[in-house]
Amino acid sequence: MNTAKLISKQQNSVLITGASSGIGLQLAQDYIAEGWQVFACGRNQQALSQLKGAEQLVFDITDNDEVKAQVAIVKLKLSAPLDLVILNAGSCEYINDAVNFDGELFERVIRTNLIAMGYCLSAFTPLIAKGGRLALMGSSAVYLPFPRAEAYGASKAAVQYLASSLAIDLKPHDIGVSVICPGFVKTPLTDKNDFAMPMQQSSEQASNAIRKGLHKGVREIHFPKRFTLLLKFIALLPRGIWEHLSGAKEPDEISQIEDGALDLPAKDKLQSSQSKSNQQQPKDKKANTKEKQKVSP
């Protein structure tokens, strides 16, 4: 972002989607505290009302007509083009049975996390000032494929590519592009998860990392670094290793369980005997049936 430009203006401006909860809410609160003009967007009017001092825009990002209607409102309240647009809104649902793939769930997630982002790009990118910045909310899930994350991961991988391509095409217009790839952050969305979330951070920590990265013009803002760098390192390993780390089961194991021919304790014993008789099998290959299934951030 052009720092000299921001200093020359009386007030900086930012538009944030998904500002009614979680990271978006915290970002809006922090930018208000810093004296920015904040356009806080969300579907929940009651939740947005807690953002005193913000311009509250209540609409559904998945409804293109509603998104388009906000442009005139934003223009009316702006004294100059936007310095920053953060397209943060999104959702997360998991595919619990890949064999009986839930196409409707997949469509919902793709529509919210990707198609709706396209609606917002169409509406708000023309409002960004030269020297301004556009930020898209991605995920550290793009670094590795995770169990059950077919819908969520696919949507965020698309966002990652979208940001990279936009960075090329918006550069001649002097608009910077950042993609935000957080690890686990405590929000109402992640509170629904029933699995361990290593190195989880608070919304305050996430907001600090994002705002610092945007101020510096960082292209890929990922955090916490201990977690995201670990994922990137694992991604460099041979496929079989990180599939083993992800908890993926072998086809013969799955078929025996589905057929009811093998209960879980017996499965452990069988794996143990197989590993002794077949030297090509890893010695420590033993399914931990009590371990919760790992899924994506």
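Quick summary incoming for the structure in this document. The shown structure was predicted, so the numbers you read here are calculated from the model rather than taken from an experiment.

Residues Leu15, Val74, Phe124, Leu134 and Leu136 are the most contacted members of the largest nonpolar core, which totals 46 residues. Those elements that provide at least two residues to this core are β2 (37–42), α4 (64–77), β4 (82–87), α5 (103–124), β5 (128–137), α6 (150–170), β6 (176–182) and α8 (225–235). With 25 residues, the next largest nonpolar core counts Tyr31, Ala206, Leu214 and Ile221 among its residues.

Pairing in this open sheet of seven strands is parallel, and the strands run β3-β2-β1-β4-β5-β6-β7 from one edge to the other. One side of each edge strand has no neighbouring strand; the edge strands of this open sheet are β3 (55–58) and β7 (220–223). Along the sheet, successive strands turn relative to each other by an average axial angle of 15°, direction set aside. Pairing of β4 with β5 involves five bridges; the strand directions are parallel. Within β5, the residue paired with Val85 across the bridge is Leu134. The strands that α4 touches are β1 (13–16), β2, β3 and β4; relative to β3, the one it contacts most, it runs at about 175°. Together, β5, β6 and β7 form the strand contacts of α6, whose direction differs from that of β5 by roughly 165°.

Let us now look at the pattern of salt bridges. Applying the stated rule across the entire model yields five salt bridges. Taking the shortest distance from any N to any O, the salt bridge between Asp30 and Arg211 comes out at 3.3 Å. Taken as a pair, Asp30 in helix α2 (residues 22–33) and Arg211 in helix α7 (residues 203–216) lie far apart in primary sequence, 181 residues in all. Arg211 sits in the buried class, given a relative accessible area of 14%. Close ionic contact of Arg211 with Glu34 constitutes a salt bridge, the shortest N to O distance being 2.6 Å. With Arg211 in helix α7 and Glu34 in the loop between α2 and β2, this pair connects stretches of sequence that are 177 residues apart. By relative accessible area, which is 46% here, Glu34 ends up partly exposed.

Each value, and the rule that gives it
Going along each chain's sequence as written, the residues are numbered from 1 onward. Local features in this predicted model are restricted to residues whose pLDDT is 70 or higher, and side-chain atom pairs enter the listing and the counts only when it is 80 or higher, whereas totals over whole chains, interfaces and linings include all residues. Note that water and hydrogens are dropped before the side-chain values are worked out from all heavy atoms of the structure. For our purposes a nonpolar core is just a set of buried Ala, Val, Leu, Ile, Met, Phe, Trp, Tyr and Cys residues, chained together by side-chain atoms within 4.5 Å. Relative accessibility decides the category of a residue: with a 1.4 Å probe and only protein chains considered, values under 20% of the type maximum give buried, values over 50% give exposed, and everything between is partly exposed. Helix and strand assignments come from DSSP, with helices taken as H or I runs of at least 4 residues and strands as E runs of at least 2, each series counted from the N terminus. In this analysis, strands are considered paired if DSSP registers two or more bridges between them. Only the stretch in contact is used when a helix axis is fitted, and all axes are lines through C-alpha atoms; the angle between N-to-C directions ranges over 0 to 180 degrees. The contact criterion used throughout is that any non-hydrogen atoms of two residues lie within 4.5 Å. Salt bridges are defined as contacts in which a side-chain nitrogen from Lys or Arg sits within 4 Å of a carboxyl oxygen from Asp or Glu.

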